[in-house]
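Inside the fold
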Amino acid sequence: MRIYESDSIRNVSILGHSGAGKSNMAESLEFIAGLTTRISNPADNAKISNSLALHTIEYQSLKFNFLDIPGYSDFFGELESGLSATDSAIIMVDGTTDLSVGTETALELADSRNIPRIIFVNKIDSEKADYEKILGQLRDKYGKRIAPFHVPWGKAESFKGHINVVDMYAREFNGTECQNAPMPENMDEEIIPIREMLLEAVAETSEELMDKFFNGEEFTTTEIHKGLRQGVLSCDIIPVICGSTFKNIGLHTTFDVVRDYLPAPKDNPKVNNEKKEFVCQIFKTVIDSFLGKVSYAKVLSGELKPDSEVYNINKRNKERVGKISTLVNNKLEELPKAVYGDIVLFTKFVETQTSDTLSNSEKESTVQNITFPKPQMLVAVEPLNKADEEKFSTGLQKLMEEDPSFTWSRNMETGQTVIGVQGELHSTTLIEKLKSKFGIDVKVINLKVPYRETIKGNSDVQGKYKKQSGGHGQYGDVKIRFSYVEDEHFVFEEVVVGGSVPKSYIPAVEKGLRESMNRGVLAGFPATNIKAVLYDGSYHDVDSSEMSFKIAANLAFKKGMEDAKPVLLEPIMELTIITPEEYVGDIMGDINKKRGRIIGMDSHKETKQKVMAEVPMAETFKYANDLKAMTQGRGYFEMNLIRYEEVPFDLAKKVIDENKKD
């Protein structure tokens, strides 16, 4: 592939709700450019995408880097990766339904990041399509920013293409541009109101144009184009076009609109065309069974040739660059060099990971890390074959390199491997990848709550261990006072006088108590917030040993816990929930059902509410599903452990009884 300078590059994310036709759009654009000979029927391939895909296309002397990004909320991390690398977006809308959650989310994200965008209303050839209704819903939600560029030409079976409202004589007929085709009959009635809507959006871009609009003066074609581009780049205008990706209608125009109105890399403030030093950020990592580690990079300044060396600013080490590539129709194609503003692929980096900044200068600063969403759900997993434990850990670590939106850890209190995911589909996808990429069969098991035990009262006990078995025996004797201590896991003090417990054995007493803390007396959960004061005891000149005093301390611990009103503690989570206002009542009612309490509420970015709540961890394992159902997928949350609290008596008894059975 030849070198394209920054002005001739467009980096575009394809966003939208799952099923709106994002992957079909990418395939159709490749078809227009002659990279493929057919367009798949979406009905024959309803598979949900779980990873972003790069589609590099050369067309009309430009290089287009399209990132097809999954629309399902479980793969939100892929969206964060893609948006960090692109300068603009095409938001796909299904023309046969009402505005979906995915459309709203994509538009909100583009707004929050000031990403110029266009909307493509897809499936406009369907008898269920209602372009006017979609336009109305968009206008109701986003106001005069919505600028319709197209009016459909014909409906359903007679659907032929569209009329371009910007250039009134431009047509597209069955996927072929026909600039001077005759205007269809009775189209004026449909075009005039929409063109007024478009001109009103143009007028909003400057006071001069606003004056002309209100004075009833006609805009020139140049003014329309200039005003539209200026408005799109400033995110004050959102063009709406229409077509059918499957029928290859509206795709020529998509290329034209992307070329003419969406930004080149130089229009993105993150890209620096003045700086000579090469700087790029890795926005995506893929572990390929043949290629090894593949690193996707957005070049932010300078240029780089193959067979050179770069410095990883984050890791403070060097990496060797071999070939520099891109992906054309799913195949690697080599590039003569990486230029600023482009998206390129590197292979076989050793330590470089997603978000890392690479440069040919060690003096460069790191680019701000990509912000990935925190886990919404915890799932306990284990390999079916215990012999796969090591492979299992390695596989999870490699998958976390690919997908920083999930975490994994070994919970030492419960003994479980716990993965933090965005939802059930995310969890299922990761389990499938462990099987397909690493040959590890994995099962989901019930997640255990890491309960703890403590005491509410005080006790004063003796722990005495005496064993005689011929020759040397065992003898250790301690007297210890136990009490609750706040904000400390364990406190040990000794106030022994007169040498009743020799100084040399006191460390063994403390060690015995600390080891005993790992298993409480109610249900075997770790103990916490315990203060132990060793104040007396006795020893034997011959039979006493460190081991005998450790055992004596353990006996004292068990008796001391039992005598000091032991109770079960459960982890309490702080939930920060972002939701449209209409769902707040349902959310508050649900929190109460989950033994939780609302601790605050505030407005969030004008259009939503932020609800803060505290809920026992045991009630949160499936909260991602519950919130999705209550808010029709419009709500999301973050969760953090804040403290432990006593478990209500009835529930504590149930937990204790179940654990005694185990």
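For the structure, see preceding data.
The following refers to the structure shown. None of the values given here were measured: they were computed from a predicted structure.

Next up on the list: the environment of V381. Summarising the element assignment, V381 is placed in strand β22 (residues 377-383). On the basis of relative accessible area, V381 is assigned to the buried category, the value being 3%. Along the sequence, V381 and V339 sit 42 residues apart, while their C-alpha atoms lie 44 Å from each other. Residues contacting V381, with those up to four places away along its chain left out, are F392, T417, I419, I431, V442, K443, V444 and I445.

Attention shifts here to the sheet that holds strand β5 (residues 117-122). Spatial strand order, β2-β3-β1-β4-β5-β11-β6: 7 strands in an open sheet with mixed pairing. The open sheet has two free edges, formed respectively by β2 (53-59) and β6 (146-148), since each of these has just one partner strand. Averaged over neighbouring strand pairs, the angle between their axes works out to 25° when direction is ignored. Strand direction decides the pairing type here: strand β1 (residues 9-16) and strand β4 (residues 88-94), joined by 5 bridges, are parallel. Looking at β4, one finds that V12 is bridged to S88. Sitting on the sheet, helix α1 (residues 22-32) touches β1, β2, β3 (62-68), β4 and β5, and the angle it makes with β2 is about 25°. Of the strands in this sheet, β1, β4, β5 and β11 (238-242) touch helix α3 (residues 101-112), which is tilted by about 160° from β4.

A separate point is a nonpolar patch on the surface. On the surface, a nonpolar cluster with roughly 320 Å² of combined accessible area is contributed by F290, L291 and L332. Tracing the sequence through the fold places L291 in the loop between β12 (279-288) and β13 (292-301).

With that settled, consider the pairing of strand β20 (residues 343-347). Along β20, 4 of the 5 residues are buried, which leaves the element largely enclosed by surrounding structure. In the sheet, β13 pairs with β20 via 5 bridges, with the strands oriented antiparallel. What sits directly across from K298, in β20, is I343.

Attention now goes to the packing of helix α13 (residues 584-593) against helix α14 (residues 623-631). Where α13 meets α14, the axes come as close as 10 Å, and the angle between the chain directions of the two elements is 150°. Viewed along their axes, α13 and α14 adopt a mutual orientation that is roughly antiparallel. Remark: the crossing between α13 and α14 carries right-handed chirality. Contacts from D586, I587, D590 and I591 of α13 reach α14 at Y623, L627, M630 and T631. Residues of the contact of α13 with α14, tallied by class, amount to 5 nonpolar, 1 polar and 2 charged.

Looking now at the sheet that holds strand β30 (residues 530-538). Here we have 4 strands laid out as an open sheet, ordered β27-β28-β30-β29, and mixed in their pairing. Sheet topology places β27 (459-467) and β29 (490-494) at the edges, where each strand pairs with a single neighbour. Pairwise comparison of adjacent strand axes, ignoring direction, gives a mean angle of 25° for this sheet. Inspection of the sheet shows β27 paired to strand β28 (residues 474-484) by 9 bridges, in the antiparallel sense. What sits directly across from K467, in β28, is Q474.

Let us now look at the packing of aromatic side chains. By the definition in use, this model includes 12 aromatic pairs. Look at F346 and F349: their rings are 5.3 Å apart centre to centre, the planes differ by 35°, and that puts the pair in the tilted class. Here a set of aromatic residues connected by ring pairs shows up, and it is made of Y59, F64, F66 and F255. Of note, R2 hangs over the ring of Y4, and the distance from its end group to the ring centre comes to 3.9 Å. The ring of Y535 carries R481 above its face, with NZ or CZ at 4.3 Å from the centroid.

Reading the values: the criteria
Residues numbered from 1 in each chain as written. Predicted model: local features only at pLDDT ≥ 70, side-chain atom pairs only at ≥ 80, totals over all residues. Heavy atoms only, no water. Helix = DSSP H or I, 4+ residues; strand = E, 2+ residues; numbered from the N terminus. Buried < 20%, exposed > 50% of the residue type's maximum accessible area, 1.4 Å probe, protein only. Contact = heavy atoms within 4.5 Å. Pairing = 2+ DSSP bridges. Axes fitted to C-alpha atoms, helices over the stretch in contact; angles between N-to-C directions. Patch = residues over 30% accessible without salt bridge, like charges linked within 9 Å, V, L, I, M, F, W, Y side chains within 5 Å. Areas by Shrake-Rupley, 256 points an atom, 1.4 Å probe, with all protein chains shown as cover. Salt bridge = Lys/Arg side-chain N within 4 Å of Asp/Glu carboxyl O. Parallel < 35°, antiparallel > 145°, perpendicular 65-115°, else oblique. Left-handed = near helix turned anticlockwise from the far one by under 90°. Nonpolar A, V, L, I, M, F, W, Y, C, P; charged D, E, K, R; others polar. Phe/Tyr/Trp six-rings, centres within 6.5 Å; stacked < 30°, edge-to-face > 60°. Lys NZ or Arg CZ within 6 Å of the ring centre and 35° of its normal.

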